[in-house]
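A look at the structure
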Amino acid sequence: MHTRNVNVKTATKESSRKMGEGHSGMRDSIRALTGLYSASMKPGVQVTCSEVSRHGDVQVEIRTDGRLEWRAWSFEPDFLAELERQLRHFAQ
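Residues numbered from 1 in each chain as written. Predicted model: local features only at pLDDT ≥ 70, side-chain atom pairs only at ≥ 80, totals over all residues. Heavy atoms only, no water.

**Examining the environment of Asp 28**
Considering the arrangement of structural elements, one finds Asp 28 in helix 1 (residues 8–37). Residue Asp 28 is classed as partly exposed on the basis of its relative accessible area, which comes to 43%. Looking at Asp 28, its side chain comes within polar contact range of the side chain of Arg 31, at 3.0 Å. (Helix = DSSP H or I, 4+ residues; strand = E, 2+ residues; numbered from the N terminus. Buried < 20%, exposed > 50% of the residue type's maximum accessible area, 1.4 Å probe, protein only. Polar contact = N/O pair within 3.5 Å; in protein donor to acceptor, adjacent residues only side chain to side chain.)

**Notes on helix 2 (residues 79–90)**
An ideal rise of 1.5 Å per residue puts 16 Å on twelve residues; helix 2 measures up with 17 Å between its terminal C-alpha atoms. Listing the buried residues of helix 2 in full gives Phe 79, Leu 83, Gln 86, Leu 87 and Phe 90. Seen along its axis, helix 2 keeps its buried residues to an arc of 100°; they face one direction. (Expected span 1.5 Å × (residues − 1). Arc of directions from axis to C-beta.)

**A look at the environment of His 89**
In this fold, His 89 is placed in helix 2. The class of His 89 is partly exposed, set by a relative accessible area of 48%. Between the alpha carbons of His 89 and Met 41 there is a distance of 9.1 Å; along the sequence they are 48 residues apart.

So far we have only geometry, and geometry alone does not tell us how the molecule works.
Structure follows, in structure tokens:
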């Protein structure tokens, strides 16, 4: 059996840094998309982004008068395309 020693402190720091960089770009993309549609949202529609999870993922919710209409996490397949489709649906 072959084993490999890994410095856990070094590996953790590197992984966290790399994950944070990718998700910061995702937050910027989410802000840009919501900014495009924010002025044209139907009355009562609210778009919210959660804080970044411990894994670096962002959750976006669309609510109408407090009722949940759509929710997704940034790690889901085609997240940005689906977010844009939903924003277009709730725009006037």
